[in-house]
Amino acid sequence: MIPERVFNWAVWGGLLAFALLAEALGETYWLTLAARAAIFAIAGVGLNLALGNGGLISFGHAAFFGVGGYAVGILATHAQTYTPLFGLIEGTQSMPVTWSVAIVAGALAALVIGALSLRTSGAYFIMITLAFGQMFYYFAVTWSAYGGEDGMSIYVRGGFPGLNTLDPLHFFGLSFAVLTLVLLLVRMIDRSPFGLALNAVRQSPARVETVGISPRRLRLAAFVVSGAITALAGALFADLNRYVSPAMFSWTISGEIMIFVILGGVARLMGPVVGALVFVALEELLGGLSDYWHIWLGVLLLLIVLFARGGITGALTREARRG
Amino acid sequence: MTLLLIEQLLNGLQLGVMLFLMAAGLTLVFGVMGLINLAHGSLYMVGAFAAAWVAAQTGSYLLALVASLAAAAAAGVLIETLILRRLYARDHLDQVLATFALILIFSEGTRAVFGSFPLYLTIPPPLSGPVTLPGGIEYPLFRLVLIGAGLAVALGLWLLITRTRVGIRIQAGAADREMVSALGVDISRLYTLVFALGAALAGLSGALVGTLQSVEVGMGEPVLITAFVVIVIGGIGSVQGALVGAILVGLTQTLGAFLLPLASTRLTGAPDAGQVLASMLIYILMALVLIVRPQGLMGRPA
């Protein structure tokens, strides 16, 4: 058994060391995998804020992932064709701009979905977030102006000042830096009065309400931040693949983001990072062995739910789950 | 135009009753056992595949339907006794994850056995072709049969729940599990029975809808999500709510897809805006119900 702090640093350092090793060996494919894992981890960290800290079981986070991706795709399409958006705004491929747009769009989508879904709780909340996620999927499929079912290709990956984003090491570094910043943000939230109140709401909404804090507003705020983070992951994912399609909105993406969180350990800072790393590793290793690797993923998930409720982080560290 | 509209109304009704077969099982399982079951869509798929396979082997559509009921019920009993039974007392997160894991296992398992290409069920000759309705409307006979079958199942389910001993026990089990158990009812057998019933209905609707469309892996989940919209609108746990919600959603979906592109062509010259809005319409309906009545049309306030 190792303390969770040490474990967390080992995971963070491990991902970085893996990428540097890949660079040293000239294995660019490994670098791309590491970037993919880091991006999935960001999406998971976003969901974990709602799911772990807030106790909000969202099965619709693909909506935010897709919104982030489409923000990048749409801006890039307008930049590629030199046609301003709404006849006013120039398209752009500058990452700081596209990311900002993705974050704002994700936050707005989360505000609307959250405001409606939080009128209910429990099983209703799960079904409603799942349904709204599906709504975005059908929206993207029928929206022929931006590719409809075919999606959009981004011919050149977006640029970041001072970096060559087409170099796999640079792009990994960028994704890893964003992941680190997001982790710091979530840790800060976790220790702030807002984070403490959010934890309290998960455990006892009635008590929190009695001291004069509105549980619904707290949950909505957490949901919005959560959606914005997941949208940022979607933006990076679009640039990683240089392609966006309605598949980013598919309900299986919501399920997979949830798997990152559960595999790693709910409500633990590095849980989603561990989960995303393991997921990408399994996808790579099992996917190479069998076309039907999702069966084994299903079996693993089932075993974790039935027998190992703290996820991998819980099994390897000695601290009990908070709350 | 009027004839087309009536045809679309019937299509909407047909979609609605098929959605009801899915939603009824979901809402019963949730109402009685408190379980949210994502793998309900997999049972729908199992029913469709069993029907397609039996129809290919024997050539009998009736046997295919029997197979869809039996296979889905058997799969339901299997997962209920092996896995889901352990989850009734757990929180919804564990239930969602375990049933999501079951979707992965069922979908990939089916793909491994039957491959990725869709299978087809053909409408039996006596039920194929159009019929002429009063007013001169030509309408496919098979779709009328689906409407009739769906309504008959709804009636049968209502009789079962309100008029038989098993039905009373199911209602009692939903209201107070310990009390029913103390009165000498084997509650875990009752749960398995309810689950098998819901599974059989899902399997039947998979076979029936699979006859109109195609039978393929992944066919269950879009229907499952629409069924969630249905029970959120109708109120979770209420079978009447599921019926009302299903017909409302069926009509909204079908009429929206028919009328909105027409309206949009008239207003803007292109059907695109109408198509996009039509694809979102049932979710907008769900949002409206949530604003006005968060517990659903027939649900009791929490």
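Please read these numbers as outputs of a predicted model, since none were measured by experiment.

S.K.: Report on the overall build of chain A, specifying residues and quantitative values.
M.R.: When helices and strands are counted, chain A shows 13 helices and 2 strands. Taking the principal axes of the C-alpha coordinates as reference, chain A spans close to 55 × 45 × 40 Å. In chain A, buried positions account for 55% of the 323 residues. Look at the contacts in chain A between residues 6 or more apart in sequence, and 78% of them connect residues 24 or more apart. When the accessible surface of chain A is split by element, carbon and sulfur atoms take 66% of a total near 13200 Å². Across chain A, the 17 positively charged side chains and the 15 negatively charged ones have centroids separated by 18 Å.

S.K.: Account for the interface of chain A and chain B, naming residues and giving values.
M.R.: Of the residues lining the interface, 42 residues belong to chain A; the matching set on chain B comes to 46 residues. With both chains or domains summed, chain A and chain B bury close to 4000 Å², and 81% of this area falls on carbon and sulfur atoms. Contact with chain B buries surface across chain A, with Tyr-124, Met-127 and Trp-251 of chain A losing the most and accounting together for 16% of the total. At the boundary of chain A and chain B, one finds 0 salt bridges. Only helix H5 (122-142), helix H10 (251-264) and helix H12 (293-307) of chain A provide two or more residues apiece to the side of chain A that touches chain B. Of the residues forming the side of chain A that touches chain B, the biggest block, 14 residues, is contributed by H5 of chain A.

S.K.: How would you explain a nonpolar patch on the surface if you had to name every residue and give the values?
M.R.: Residue and element names in this part refer to chain A. Where nonpolar side chains cluster on the molecular surface, the patch consists of Phe-18, Leu-21, Leu-25, Tyr-29 and Trp-30 and spans about 490 Å² of accessible area. If you list the elements that add at least two residues to the nonpolar patch, you get helix H1 (4-25) and helix H2 (28-53). When residues in the nonpolar patch are grouped by element, the largest group, 3 residues, is from H1. Mapping Trp-30 onto the fold places it in helix H2.

S.K.: Give a description of unusual backbone geometry that names residues and reports values.
M.R.: Residues and elements named next belong to chain A. In this structure, Arg-242 is a non-glycine residue whose phi angle is positive, near 50°. With respect to the helices and strands, Arg-242 occurs in the loop between helix H9 (215-241) and strand E2 (243-244). What makes Arg-242 partly exposed here is its relative accessible area of 35%.

S.K.: Any chance you could break down the packing of aromatic side chains for me, citing the residues and the numbers?
M.R.: Per the counting criterion, the structure on display carries 23 aromatic pairs over all chains. Centre to centre, the rings of Phe-49 of chain B and Phe-114 of chain B are 4.9 Å apart; their planes meet at 45°, and the pair counts as tilted. You can see Phe-49 of chain B sitting in helix H2 (residues 40-58) and its partner Phe-114 of chain B sitting in helix H4 (residues 92-114), a full 65 residues away along the chain. You can call Phe-49 of chain B buried: its relative accessible area is 4%. Residues Tyr-61 of chain B and Phe-142 of chain B carry aromatic rings whose centres are separated by 6.1 Å and whose planes lie at 80° to one another, so their mutual orientation is edge-to-face. Note that Tyr-61 of chain B is positioned in helix H3 (residues 61-82) and Phe-142 of chain B in helix H5 (residues 141-163), a separation of 81 residues in sequence. We classify Tyr-61 of chain B as buried; its relative accessible area is 13%. Judged by relative accessible area, which is 3%, Phe-142 of chain B ranks as buried. Three or more aromatic residues joined by ring pairs make a cluster, and in this case those are Phe-40, Phe-65, Phe-237, Phe-260, Phe-279 and Trp-293 of chain A. The lysine or arginine in question, Arg-157 of chain A, covers the ring of Phe-171 of chain A, its NZ or CZ lying 4.1 Å from the ring centre.

S.K.: Talk me through the confidence of the model for chain A; I want residue IDs and the actual numbers.
M.R.: A residue-level look at chain A finds 98% of positions with pLDDT of 70 or above and a mean pLDDT of 90. The lowest-confidence element of chain A is helix H13 (residues 311-316) of chain A, averaging 76 in pLDDT; the highest-confidence one is H9 of chain A, averaging 96.

S.K.: Help me get a handle on the environment of Val-166 of chain B, residues and values and all.
M.R.: Residues and elements named next belong to chain B. Locating Val-166 in the fold gives a position in helix H6 (residues 165-175). Linking Val-166 and Leu-193, residues 27 residues apart in sequence, is a C-alpha distance of 9.4 Å. The residues contacting Val-166, other than those within four sequence positions of it, are Leu-190 and Leu-193.

S.K.: So, the UniProt feature "transmembrane region" (unreviewed entry) in chain A: which residues are in play, and what are the values?
M.R.: All names here are of chain A. As annotated in UniProt, the feature "transmembrane region" (unreviewed entry) corresponds to residues 34-51, 58-77, 97-116, 123-146, 166-186, 220-237, 257-280 and 292-312 in the numbering used here. A helix fraction of 80% and a strand fraction of 0% characterise residues 58-77, whose end C-alpha atoms lie 30 Å from each other. Helix makes up 100% of residues 220-237 and strand makes up 0%, while its end C-alpha atoms are separated by 25 Å.

S.K.: Can you tell me about H3 of chain B, naming the residues and giving the values?
M.R.: All names here are of chain B. Along its 22 residues, H3 runs 31 Å from first to last C-alpha, staying within 8% of the 32 Å computed at 1.5 Å per residue. Contact partners of the buried residues in H3: H2, H4, H5 and helix H8 (187-212). Here H3 starts with a cap whose side-chain oxygen sits 3.4 Å from the backbone nitrogen of Leu-62, and that cap is Ser-60.

S.K.: Describe in detail the nonpolar core, supporting the description with residues and values.
M.R.: Grouped together as the largest cluster of nonpolar side chains are 204 residues, with contacts concentrated most on Phe-132 and Met-258 of chain A. Counting residues per element, this core draws most heavily on H2 of chain A, which supplies 16 residues. With residues up to four places along the chain from it excluded, the contact list for Met-258 of chain A reads Leu-47, Leu-51, Ile-57, Ser-58 and Phe-59 of chain A together with Leu-93, Val-96 and Leu-97 of chain B. Core analysis: the next-biggest nonpolar cluster, separate from the first, contains 5 residues, Leu-10, Leu-133, Ile-137 and Tyr-139 of chain B among them.

S.K.: How would you sum up the side chain of Gln-14 of chain B? Please name residues and give values.
M.R.: With respect to the element layout, Gln-14 of chain B can be found in helix H1 (residues 2-33). Ignoring sequence-local partners within four residues, the contact set of Gln-14 of chain B consists of Arg-143, Leu-146, Ile-147 and Leu-212 of chain B.

S.K.: Quick rundown of the packing of H3 of chain B against H8 of chain B? Include the residues and the values.
M.R.: Residues and elements named next belong to chain B. Closest axis-to-axis distance for the H3/H8 pair is 7 Å, and the angle between their directions is 140°. Considering their axes alone, H3 and H8 lie oblique with respect to each other. With respect to the hand of their crossing, H3 and H8 are arranged in right-handed fashion. Residues Tyr-61, Leu-65, Ser-68, Leu-69, Ala-72, Ala-73, Gly-76, Val-77, Ile-79, Glu-80 and Thr-81 of H3 lie in contact with H8, whose contacting residues are Tyr-191, Thr-192, Phe-195, Ala-196, Ala-199, Ala-200, Gly-203, Leu-204, Ala-207, Leu-208 and Thr-211.

S.K.: Any details on the pattern of salt bridges? Residues and values, ideally.
M.R.: Residue and element names in this part refer to chain B. Scanning all chains against the criterion turns up 5 salt bridges over all chains. Of the charged contacts in the structure, one is a salt bridge between Arg-85 and Glu-80, with a shortest N-O distance of 3.4 Å. Assessed through its relative accessible area of 34%, Arg-85 is described here as partly exposed. Here Glu-80 falls in the buried class, since its relative accessible area comes to 0%. Residues Arg-90 and Asp-94 are paired through a salt bridge, measuring 2.9 Å at the closest nitrogen-oxygen approach.

S.K.: Report on the packing of H1 of chain B against helix H10 (residues 239-268) of chain B, specifying residues and quantitative values.
M.R.: Each pair of packed helices gets described by two things: the angle between the helix axes and the distance between those axes. Residues and elements named next belong to chain B. Contact geometry for H1 and H10: axes closest at 6 Å, N-to-C directions at 145°. For H1 against H10, the interelement crossing comes out right-handed. Of the residues in the contact of H1 with H10, the class split is 20 nonpolar, 8 polar and no charged.

Calculation criteria
- Per chain, residue numbering runs from 1 following the sequence as it is written.
- Going through the entries in the order they are written, you letter the chains from A and number the ligands from 1.
- Reporting of local features is limited, given that this is a predicted model, to residues whose pLDDT is at least 70; pairs of side-chain atoms are given and counted only at 80 or more, and all residues count toward the totals for whole chains, interfaces and linings.
- Calculation of side-chain values draws on the structure's entire complement of heavy atoms; hydrogens and water are dropped beforehand.
- Each helix is a run of H or I in the DSSP string that is no shorter than four residues. Each strand is a run of E no shorter than two, and both are numbered from the N terminus.
- Throughout this description, buried means an accessible area under 20% of the type-specific maximum (1.4 Å probe, protein chains only), exposed means over 50%, and partly exposed covers the range between.
- Residues count as neighbours in contact if any of their non-hydrogen atoms are within 4.5 Å of one another.
- Accessible surface area values rest on a Shrake-Rupley calculation with a 1.4 Å probe, where residue burial reflects the displayed protein chains alone.
- When charges are counted, Lys and Arg are positive and Asp and Glu negative, with His and the chain ends excluded.
- Where a charge lies is defined by one atom per residue type, namely NZ (Lys), CZ (Arg), CG (Asp) and CD (Glu).
- The term buried area denotes the loss of accessible surface (1.4 Å probe radius) that occurs when two parts are joined, taken as the sum for both partners.
- By definition, a salt bridge exists where a carboxyl oxygen of Asp or Glu is found within 4 Å of a side-chain nitrogen of Lys or Arg.
- Residues enter patches when their relative accessible area tops 30% and they take part in no salt bridge; the joining distance is 9 Å for like charges and 5 Å for the nonpolar side chains Val, Leu, Ile, Met, Phe, Trp and Tyr.
- A pair of Phe, Tyr and Trp rings is counted when the ring centres sit within 6.5 Å of each other, with Trp represented by its six-membered ring. The angle between the planes then sorts it: under 30 degrees is stacked, over 60 is edge-to-face, the rest tilted.
- Charge-over-ring placement is defined geometrically: NZ (Lys) or CZ (Arg) within 6 Å of the ring centre, and within 35 degrees of the ring normal.
- The score called pLDDT rates the predictor's confidence residue by residue, from a low of 0 to a high of 100.
- UniProt positions are given in the numbering used here, feature names are shortened, and annotations may be inferred rather than shown by experiment.
- Expected helix span is given by 1.5 Å per residue-to-residue step, counting one fewer step than there are residues.
- We define a polar contact as two N or O atoms separated by no more than 3.5 Å, with the added condition that, inside protein, one atom must be a possible hydrogen donor and the other a possible acceptor, whereas residues neighbouring each other in sequence contribute only through side-chain atom pairs.
- Among the buried residues, those of types Ala, Val, Leu, Ile, Met, Phe, Trp, Tyr and Cys that are joined through side-chain atoms within 4.5 Å form a nonpolar core.
- Every angle, taken between N-to-C directions, lies between 0 and 180 degrees, and every axis is a line fitted to C-alpha atoms, over only the stretch in contact when it is a helix.
- Comment on the angle field: the value is read as roughly parallel under 35 degrees, roughly antiparallel over 145, roughly perpendicular from 65 to 115, and oblique elsewhere.
- With the far helix as reference, a near helix turned anticlockwise by less than a right angle produces a left-handed crossing, and one turned clockwise produces a right-handed crossing.
- Under the grouping applied here, Gly and all other residues not named as nonpolar or charged are polar, the nonpolar ones being Ala, Val, Leu, Ile, Met, Phe, Trp, Tyr, Cys and Pro and the charged ones Asp, Glu, Lys and Arg.

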